[in-house]
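Residues per chain are reported as follows:
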Amino acid sequence: VGLYFELSNPGLILPGVVGAVSLVLSFYAFKTLPINYAGLLLIVLAVIFFILEIKVVSYGLLTLAGVVSLALGSVMLFDTAEAPYLKLSLWVVAPIIITFTAVFMATMYYTVRIHRRAPVSGLDALIQKECVVIEDINGLVGGKVFIAGEYWNAVSAADIKKGEKARVVEVNGLVLKVERTQSI
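We now turn to the structure provided with this report. Residue numbers run consecutively from 1 along every chain, following the written order of its sequence. Local features in a predicted model are, by the rule used here, given only for residues with pLDDT of at least 70; side-chain atom pairs are given and counted only at 80 or more, and totals for whole chains, interfaces and linings are based on all residues. Computation of side-chain values covers all heavy atoms of the structure but excludes hydrogens and water.

### Considering the pairing of strand β2 (residues 143-147)
Part 1: Three exposure classes are used, based on accessible area relative to the maximum for each residue type with a 1.4 Å probe and protein chains only: buried under 20%, partly exposed in between, and exposed over 50%. Numbering goes from the N terminus for both helices and strands, where a helix is a DSSP run of H or I of at least four residues and a strand is a run of E of at least two. In β2, alternate side chains face the same way, and those of Gly-143, Val-145 and Ile-147 are buried while those of Lys-144 and Phe-146 on the opposite face are not.
Part 2: One bridge is not enough; two strands pair if DSSP finds at least two bridges between them. Pairing between strand β1 (residues 130-135) and β2: three bridges, direction antiparallel. What sits directly across from Glu-135, in β2, is Lys-144.
Part 3: From the end of β2 to the start of strand β3 (residues 150-156), which pair antiparallel, there are two residues, and Ala-148 there has a positive phi angle of about 55°.

### So, unusual backbone geometry
Part 1: Residue Ile-13 is not a glycine yet carries a positive backbone phi of 65°.
Part 2: Residue placement: Ile-13 occurs in the loop between α1 (2-8) and α2 (14-32).
Part 3: Residue Gln-128 is not a glycine yet carries a positive backbone phi of 70°.
Part 4: Assessed through its relative accessible area of 52%, Gln-128 is described here as exposed.

### Considering the packing of helix α4 (residues 61-76) against helix α5 (residues 90-116)
Part 1: Only C-alpha atoms enter the line fits that serve as axes; for helices the fit covers just the stretch in contact. Angles between N-to-C directions range over 0 to 180 degrees. Two elements in contact, α4 and α5, have axes separated by 10 Å at closest approach and are oriented at 165°. Between α4 and α5, the angle is such that the two are roughly antiparallel. For the pair α4 and α5, the sense of crossing is right-handed. From α4, Thr-63, Val-67, Leu-70, Ala-71, Ser-74 and Val-75 reach across to α5, where they touch Leu-90, Val-93, Ile-97, Phe-100, Thr-101, Phe-104 and Met-105.
Part 2: Taken together, the residues of the contact of α4 with α5 break down into ten nonpolar, three polar and no charged. Between 65 and 115 degrees an angle is taken as roughly perpendicular, under 35 as roughly parallel, over 145 as roughly antiparallel, and anywhere else as oblique. Handedness of each helix crossing follows the sense of rotation of the near helix against the far helix: counterclockwise by less than a right angle gives left-handed, clockwise gives right-handed. Any two residues whose heavy atoms approach within 4.5 Å at even a single point are treated as in contact. The residue classification treats Ala, Val, Leu, Ile, Met, Phe, Trp, Tyr, Cys and Pro as nonpolar and Asp, Glu, Lys and Arg as charged. All others, Gly included, are polar.

### Brief notes about the pairing of β1
Part 1: In terms of strand pairing, β1 meets strand β4 (residues 164-172) through three bridges, oriented antiparallel. Considered in β4, the bridge of Val-132 is made with Lys-165.

### Remarks on a nonpolar patch on the surface
Part 1: Like charges within 9 Å and nonpolar side chains (Val, Leu, Ile, Met, Phe, Trp, Tyr) within 5 Å are joined into patches, using only residues over 30% in relative accessible area that form no salt bridge. Each accessible area is a Shrake-Rupley result for a 1.4 Å probe, and residues are judged covered by the shown protein chains and nothing else. What counts as a salt bridge is simple: a side-chain nitrogen of Lys or Arg found within 4 Å of a carboxyl oxygen of Asp or Glu. Taken together, Leu-64, Val-68, Leu-72, Val-75, Met-76 and Leu-90 make up a surface patch of nonpolar side chains, about 560 Å² in accessible area.
Part 2: At five residues, α4 tops the list of elements feeding residues into the nonpolar patch.
Part 3: Owing to a relative accessible area of 58%, Leu-90 belongs among the exposed residues under this scheme.

Below you can see the structure in the form of structure tokens.
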């Protein structure tokens, strides 16, 4: 995790150092413990699935695959046939799996929620907003409107008089297509 934070935010130094030292220590520990490499690969695969869930919206499928891989990898991590006392306790595995699941399910929920929101900035945010006509709009000849603190050129299918309210229907470059709503 430290190496990931260092690579995503270069120059922090501390996460990279802690990650590198942890990686070297884990290689030493793996040499002294009877590691089942299939379990280790499943845990690495789970981390990859969790990272992909953040980058790709899969509606929880990658999180589910990550949770299953993490659970199976944790159970299979140590080869305990010769030394059953080296077995990884389920009291250690269960909270870690529950925590990872909760974090990534929350991440997935908020990602989907943000993707469904209407735009709040840019040209798309102007669509369906009300504006005030400040210069008569004579059909497709155009006029001026005031919206979101800015003056825009506007055109309309119908004539709209100064002081009336209009709603933005479409944005074409720097020209808004509007329609009459009600007068002020």
